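Breakdown of the fold
Residue-level listing of the chains:
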Amino acid sequence: MSIKNKKEVLKTIKTTKRIVNNKEYTYHEIYFGIDDKTGKKLRKATTDKNKIKQIVEDFYAMYQPYGSIEGYNGIDKELYLDAKRADVLLKDAECELSIYEVVKKYVLSEGGLCRCTLADAYQQYFNSIPEIQTAHRQCISTRVAPFINWVGRHYLCSAIQSSSMIEYLQLNAHWSDTTKNNVLSYVKSFFEWCCHPLRKYAKENPFKYIAPIKIKYTEPEYMIAEDVEKLFKAVEKTKDPYYILYCALSWFSGIRRAELERIQCKDINLEEDYIRISQPKGWTQGRPPRLVYLTPNASEWVKKYYQPREGFLLPHASTMYEKRLIRLSNKLNIEIPRNAGRHSFITHHVAWLQEPAKTEHLCGTSQTMRERNYQGLVSKKEGERYFLIVPYKEA
């Protein structure tokens, strides 16, 4: 791999003009060197000259951890020699690995740590999360990825210090304390994964001793029956069966949003009026499945709008339908708090049924959470009104 050093590469920028679809564009092309395996020239082109330095950084970050690059000082001689020795040993093994894979996976630097960039580690970490956990994947991409981009994707995991998180949170001082704690928690989990003995990308979690911000307790917000009636009248007018079904199951079954996305059509039993939650919250840690028996009004909504199909009932629902609900709430001039469906259901179900243990089992929550957040917030009459919200019946 014959790669030029950074200074030489920046001198190779060529500016050309091209006509694409009858429009003239200015391209800035950079030449990095030649790939010895393919004989092809390694080039990158961009129409934005301001992005050139970032493109160069990203390119070298991609090659730095993998092995010797002639003419590039980022790879030290000892590391390259260790890589060659490891490569010789591995030739006798059953698996065949290139010199670059050897450095990436097996060559250890000082302290027994594997040289792995944040970009590489993040990609591995993200891919380790099952595709079914769409909500968790989305949280990782919106919390961990921006932090890594801010620090620098080309940095080694072992080089990150605790001060970087403090600076990052100070830079985003406008965030709420809950958001800051959320970001800290997800980034901590990522580095905990990096510190695993099978990976050794970092000696210890740099953010291990950063304590989350103490937040004053606030009661979960819920919607009163009157506002829910207004909402469902408007939702039903859309005549979108899956949108209506998503709202009905959110407000009248107590199923979590992430669990809704994992419901398969085969899990729905309309004869006995229940839905099997085969992958509940914490299912990867061994939490068992549960049956959610539908309330009479939820059963009516499901039977009217359920349309059987293969696979998942509501894939990507939280991203598709939550935005629609926000627009609808602005139009109706009613407030829809975060997780309003589940919070409203539990609050009214406890008041209506007067059997807390059943509510806890139905929603997969604990007695402590129920007593702390949902007990005694509405009257029995309000609870009864809530569960009388049914689909419009034509005369």
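1. Things to note about the environment of Val 292
- One can find Val 292 in strand E7 (residues 290-293).
- Sequence spacing of Val 292 and His 361 is 69 residues, and the spatial spacing of their C-alpha atoms is 8.3 Å.
- Ignoring anything within four residues of it in the chain, the contact list for Val 292 reads Ser 253, Ile 255, Asp 273, Tyr 274, Ile 275, Ile 277 and Leu 362.

2. A look at the sheet that holds E7
- The antiparallel open sheet is built from three strands, whose spatial order is E5-E6-E7. Only two strands of the sheet have a single neighbouring strand rather than two, namely strand E5 (268-269) and E7.
- When E5 meets strand E6 (residues 274-277), the two strands line up antiparallel, connected through two bridges. By the bridge assignment, Ile 268 is partnered in E6 with Ile 275.

3. Digging into the packing of aromatic side chains
- In the structure shown here, the tally under the stated rule is 23 aromatic pairs.
- A centroid spacing of 5.8 Å and a plane angle of 80 degrees characterise the contact between Phe 147 and Phe 207, whose relative ring orientation is edge-to-face. Residue Phe 147 is located in helix H6 (residues 134-151), and its partner Phe 207 is located in the loop between helix H8 (177-194) and helix H9 (225-237); the two are separated by 60 residues in the primary sequence. For the pair formed by Phe 147 and Phe 207, the shared burial category is buried.
- Each ring, one from Phe 232 and one from Trp 251, has its centre 6.0 Å from the other, and the planes form 85 degrees; the classification is edge-to-face. On the criterion of sequence distance, the pair formed by Phe 232 in helix H9 and Trp 251 in helix H10 (residues 241-252) is long-range, its members being 19 residues apart. For the pair formed by Phe 232 and Trp 251, the shared burial category is buried.
- Taken together, the ring pairs in this structure connect Tyr 125, Phe 147, Trp 150, Tyr 168, Trp 175, Phe 190, Phe 191, Trp 193, Tyr 201 and Phe 207 into an aromatic cluster.
- Between the NZ or CZ atom of Arg 309 and the centre of the ring of Tyr 242, over which it lies, the distance is 3.9 Å.

4. What to know about the packing of H6 against helix H7 (residues 162-171)
- Two elements in contact, H6 and H7, have axes separated by 11 Å at closest approach and are oriented at 105 degrees. By the criterion of interaxial angle, the relationship of H6 to H7 is roughly perpendicular. Counting all contacts with H6, which are made through Pro 146, Phe 147, Trp 150 and Val 151, the residues of H7 involved are Ser 164, Met 165, Glu 167, Tyr 168 and Leu 171.
- When its residues are assigned to classes, the contact of H6 with H7 shows seven nonpolar, one polar and one charged.

Reading guide: rules and limits
- Residues numbered from 1 in each chain as written.
- Predicted model: local features only at pLDDT ≥ 70, side-chain atom pairs only at ≥ 80, totals over all residues.
- Heavy atoms only, no water.
- Helix = DSSP H or I, 4+ residues; strand = E, 2+ residues; numbered from the N terminus.
- Contact = heavy atoms within 4.5 Å.
- Pairing = 2+ DSSP bridges.
- Phe/Tyr/Trp six-rings, centres within 6.5 Å; stacked < 30°, edge-to-face > 60°.
- Buried < 20%, exposed > 50% of the residue type's maximum accessible area, 1.4 Å probe, protein only.
- Lys NZ or Arg CZ within 6 Å of the ring centre and 35° of its normal.
- Axes fitted to C-alpha atoms, helices over the stretch in contact; angles between N-to-C directions.
- Parallel < 35°, antiparallel > 145°, perpendicular 65-115°, else oblique.
- Nonpolar A, V, L, I, M, F, W, Y, C, P; charged D, E, K, R; others polar.

All we've got here are geometric facts, nothing functional implied.
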